[in-house]
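What follows is the residue order along each chain.
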Amino acid sequence: MGHLVNHLADAYLPAGIAFYDLAPDIFERAVKVARLEITAKNVFYRFGLSSQGNSYGVTHYHGDIRMLTMLRKATGVDLFARFPFYRDVGYYWVYTRRPDGQFLRLGDEWMDSLNLPVWDAPAPWGPPWLMESLAYAAGAYRDPYLTAEYLKIRNLNHTWVAITDILWRDPQVAPKAPDDLPPVRYLDGAAGTLLFRTGWGSDDVVGLFKAMPLYVKNHDHLDRLSFQIYCRGALAIDSGIYEGVNSGYGSPHWLNYLQRTIAHNSLLLRDPTEEVLYRGSKVVADGGQRFPGAGNDPISLADLRDPIWHVARVLSHGEESHGRYAFVVADGTPGYGPKAEKVERSFVFVKGSNVTPDDGSPQAMIVIRDRVISRNPDHQKVWLFHSLEEPVIEGTQFTVRNNGANYGGTLVSHTLRPGKARLAKIGGPGQEFWVADTNYATTKSGTCEAGAWRVEVTPQEPRKETDFLHVLLVYPRSVPNRPVPTLVEAAGGAVGAAFLDRTVIFCPSEAGTSRLTYSSEGNGPREHLIIGLPPGKKASVSAGNKTVGVWGTGSGGALNFKIDEGGKTAIRITVE
């Protein structure tokens, strides 16, 4: 499958080193392959993750960091110093570890069940490949956070982990808990992924938003513009099963559900005439993103110059230095092929409100604005949300809970746009993995979180363009008092939501908005976040007839300010 998704040199190098005196050509061949593979993997590694998801990201990172280790030991050439971002890749598993000791799921997951044959260590999860990888990275970079993560999962009953521990762990590097790390981490470039948390405690929210502009297939999924959310249990999940009963690589479940957009919290654009091919064979058309290259893999870096592998692009992103908010605006249109004129998602994470929990303050608020424009007005636009347990739909809101032992988290979603949305739930026995009137059934034991339900939000009537706006409120436990977000609209197409003491506004991405007026209603301090203004400018803010301040829009074109309000107030923003 090419150097982008293989790690063969991890096997070549030990042989090349062992037989160097007798057959140096083995080592020379191994170095040649290692150079090609490392160069290819660095397309993603330099931005902090593997393209192959969580579980296969572990095996790839393990193989690749071992190559750097062997080359340094055998030749004295220190590629760790040349590639400091290998340390950053290790942080992916720090940020995606959930408070229950498991990880957020991403890609083809074999690390989703405690029934793994390699598993004989106590929680938190940590297969030997991850233990060894973190030991290498912590030792090479003398990193206290990676040292702490390694020691958290270290199991010296695995012989090769014990050997690695002797050779690589530096006892002078004191482990350091992640508590003082920034709770938000954006991975730029080819990665295009936002990792966000409200903190590191048992009640905290852990999540991610994936744009990832570049697609190299294999264990990667057609999941651009998707998100996951955990808070005292998995709430917004990646659905489906890998390596369960009849759900291995290339199986009908894998081809028609697990790898496809319909199994993720993303968007569909259903064209009833669409045909989807995978390596010459017809597979089900789910309405989502297509297989670039008809399911074939890009073999080399040169192949990636072909635009077919560039399935999305990040338009803007930004975060507050203390993690109070973060946002990504991404265009996923290329991934949907000719049926789409525009598929764009603005994803905003806001840490809990400043009011007390008794007033209904959530642990986090997620605001998602989507614009979907089809070439044919009759093509149905669908907003997707997957859960483990059955959602409860009430009008234009739905609630999901995680009722497992020691869990209890709750997520409440409010659909503010379209105005007359239809919310439908699909799932339950016999329809857990339902696509085009077929259930691609599979099972897996242990702690697999396959999901069984999804909510589909659609407009009531066919239209060429659909504007979705959702507010997701995340609570560590059920809250009886749940205030309802309100829609905020402004001239020129700007739209947003107000909730408790927060307001989030999205400007039209193509308009280059320099003036904005909207009405805000509240008493006391209110924080405003405006997305989509011209970047790197100064913005003057007036409340009523009074100028209250001038703030910068930052490199991502976002304006954040807090003002005291008394009743209904006209907010005017002018970008200089």
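Residues numbered from 1 in each chain as written. Predicted model: local features only at pLDDT ≥ 70, side-chain atom pairs only at ≥ 80, totals over all residues. Heavy atoms only, no water.

Details of the overall build of the protein
Within the protein, the regular secondary structure consists of nine helices and 28 strands. A compact globule built from 576 residues should have a C-alpha radius of gyration of about 25 Å, and the protein, at 24 Å, falls within 12% of that. Expressed along its principal axes, the backbone C-alpha trace of the protein runs to roughly 85 × 55 × 45 Å. When each of the 576 residues of the protein is scored for burial, the buried share is 61%. A separation of at least 24 residues holds for 68% of the contacts in the protein among residues at least 6 apart in sequence. Of the roughly 21,700 Å² of accessible surface on the protein, a fraction of 52% belongs to carbon and sulfur atoms. (Helix = DSSP H or I, 4+ residues; strand = E, 2+ residues; numbered from the N terminus. Rg over C-alpha atoms; globule rule 2.2 N^0.38 Å. Buried < 20%, exposed > 50% of the residue type's maximum accessible area, 1.4 Å probe, protein only. Contact = heavy atoms within 4.5 Å. Areas by Shrake-Rupley, 256 points an atom, 1.4 Å probe, with all protein chains shown as cover.)

Overview of the sheet that holds strand β11 (residues 340-351)
Within the open sheet, the eight strands sit side by side as β9-β10-β11-β12-β21-β16-β15-β14. Their pairing is antiparallel. Two strands close off the open sheet at either side, each with one partner strand: β9 (313-319) and β14 (392-394). Geometrically, the sheet is characterised by an average inter-axis angle of 15° between neighbouring strands, direction not taken into account. (Pairing = 2+ DSSP bridges. Axes fitted to C-alpha atoms, helices over the stretch in contact; angles between N-to-C directions.)

Comments concerning the nonpolar core
If you look at the biggest cluster of nonpolar residues, it comprises 77 residues, and the most contacted ones within it are Leu 13, Tyr 61, Tyr 86 and Trp 93. When residues in this core are grouped by element, the largest group, nine residues, is from helix α6 (residues 128-141). In contact with Leu 13, other than residues within four places in its own chain, are Phe 27, Ala 30, Val 31, Ala 34, Met 67, Met 70 and Leu 71. If you look at the next biggest cluster of nonpolar residues, it comprises 39 residues, including Leu 225, Cys 231, Ile 368 and Val 474. (Core = buried A, V, L, I, M, F, W, Y, C linked by side-chain atoms within 4.5 Å.)

Some words on the environment of Ser 478
Here Ser 478 is to be found in the loop between β21 (465-475) and β22 (486-489). Counting along the chain gives 69 residues from Ser 478 to Gly 409, while the straight-line C-alpha distance between them is 6.9 Å. Contact partners of Ser 478, with chain neighbours within four places excluded, come to Arg 401, Gly 408 and Thr 410. Here the side chain of Ser 478 touches Arg 482 through a polar contact of 3.5 Å, side chain to side chain. (Polar contact = N/O pair within 3.5 Å; in protein donor to acceptor, adjacent residues only side chain to side chain.)

Digging into the packing of helix α3 (residues 55-75) against α6
For the pair α3 and α6, interaxial distance at closest approach is 9 Å and the crossing angle is 40°. The angle between α3 and α6 falls in the class oblique. In this structure, α3 crosses over α6, and the sense of that crossing is left-handed. Only Trp 129, Leu 130, Glu 132, Ser 133, Tyr 136 and Ala 137 of α6 make contact with α3, whose side of the interface consists of Val 58, Tyr 61, His 62, Ile 65, Arg 66 and Thr 69. (Parallel < 35°, antiparallel > 145°, perpendicular 65-115°, else oblique. Left-handed = near helix turned anticlockwise from the far one by under 90°.)

Some words on the pairing of strand β15 (residues 397-401)
For β15, the tally of buried residues reaches four of five residues, placing the bulk of the element in the interior. Across three bridges, the pairing between β14 and β15 is antiparallel. Bridge pairing in β15 places Glu 394 opposite Gln 397. Linking two consecutive strands that pair antiparallel, namely β14 and β15, is a turn of two residues; a positive phi of about 65° is found at Gly 395 within it. Sheet analysis places β15 next to strand β16 (residues 410-417), joined by five bridges and oriented antiparallel. Following the sheet pairing, Phe 398 is matched in β16 by Ser 413.

Quick notes on the confidence of the model for the protein
Averaged over all residues, the pLDDT of the protein equals 93, while 96% of them reach at least 70. Note that pLDDT drops below 50 for residues 117-122; the model gives that stretch 12 contacts with residues more than four away or on any other chain. (pLDDT = per-residue confidence, 0-100.)

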